[in-house]
Amino acid sequence: MPHLLQNILILFLASYATLDNQGITILNYWPVTVGMVAGLIMGDLPTAMTIAGTFQLMSLGVAGLGGASVPDYGLATIVGIYLSARTGAGLGTAVAVGLPVGLLTIQFDVIIKLANNFIAHKAQGYAHKKEFNKMRLVNWIGPLLFACKNFIPMILIVTVGPSAVKVLLEVIPTWLTTGLSVAGNMLPGVGIGLLMHYM
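Here we summarise the structure given alongside this text. (Residues numbered from 1 in each chain as written. Predicted model: local features only at pLDDT ≥ 70, side-chain atom pairs only at ≥ 80, totals over all residues. Heavy atoms only, no water.)

## So, helix H3 (residues 45-59)
Look at H3: 20 Å from first C-alpha to last across 15 residues, which is about the 21 Å you get at 1.5 Å a residue. For H3, the complete set of buried residues consists of Ala48, Ile51, Ala52, Gly53, Thr54, Phe55, Gln56, Met58 and Ser59. (Helix = DSSP H or I, 4+ residues; strand = E, 2+ residues; numbered from the N terminus. Expected span 1.5 Å × (residues − 1). Buried < 20%, exposed > 50% of the residue type's maximum accessible area, 1.4 Å probe, protein only.)

Structure below.
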């Protein structure tokens, strides 16, 4: 598959998956689910499932209950798989780059939830005035913001990420990348340990 088409499909997947997670949930936003689709897009399903499985285990026991914002492990998975396919980086690097992006979206999530509060009140105002077309139009802003939450970091990764990561990998000493690989292999155990602790 041409790189341009892969880039477009990965951007679409990142944007759609978060909307699907907030809505009817056809494609669940678990790392293994979006990881499988990302692996099919990028043409490397075995590596994708290894990365996705690692993020899935890390996310065990983490839930955004009551409107709480949690790391976006689905986006972290997509980022890790994309960069792994483009740069040939291993699991440790995929986790080391993907996880901070997933953590960054916590801040975006909080901002979007605050903005959606105002959007809901605006839509409610239009409903009280019986201006239903305006109400429906305003209600589209919320999903658009949620799609942007993943689209913006992903477009940055797609446009500058692979080259920046390649340069970074050339500069990083071998002992550090080995340490990242070891940490990446330990993180699933930590995820299972956290889940067992709460169970």
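## Considering the packing of aromatic side chains
Applying the stated rule across the entire model yields one aromatic pair. Ring geometry for phenylalanine 12 versus tyrosine 16: centroids 5.9 Å apart, planes at 10 degrees, classification stacked. Of this pair, phenylalanine 12 and tyrosine 16 both sit in helix H1 (residues 3-22), four residues apart, roughly one helical turn. Judged by relative accessible area, phenylalanine 12 falls into the exposed class, the value being 54%. Assessed through its relative accessible area of 27%, tyrosine 16 is described here as partly exposed. (Phe/Tyr/Trp six-rings, centres within 6.5 Å; stacked < 30°, edge-to-face > 60°.)

## Considering helix H2 (residues 31-42)
Residues separated by three or four positions in an α-helix point in the same direction, a consequence of the helix having 3.6 residues per turn. With twelve residues, H2 extends 15 Å between its outermost C-alpha atoms, agreeing within 8% with the 16 Å of an ideal straight helix rising 1.5 Å per residue. The complete set of buried residues in H2 reads Pro31, Thr33, Val34, Gly35, Ala38, Gly39, Ile41 and Met42. Looking at the packing, one finds that the buried side of H2 touches H1, H3 and helix H4 (73-87). (Contact = heavy atoms within 4.5 Å.)

So far we have only geometry, and geometry alone does not tell us how the molecule works.
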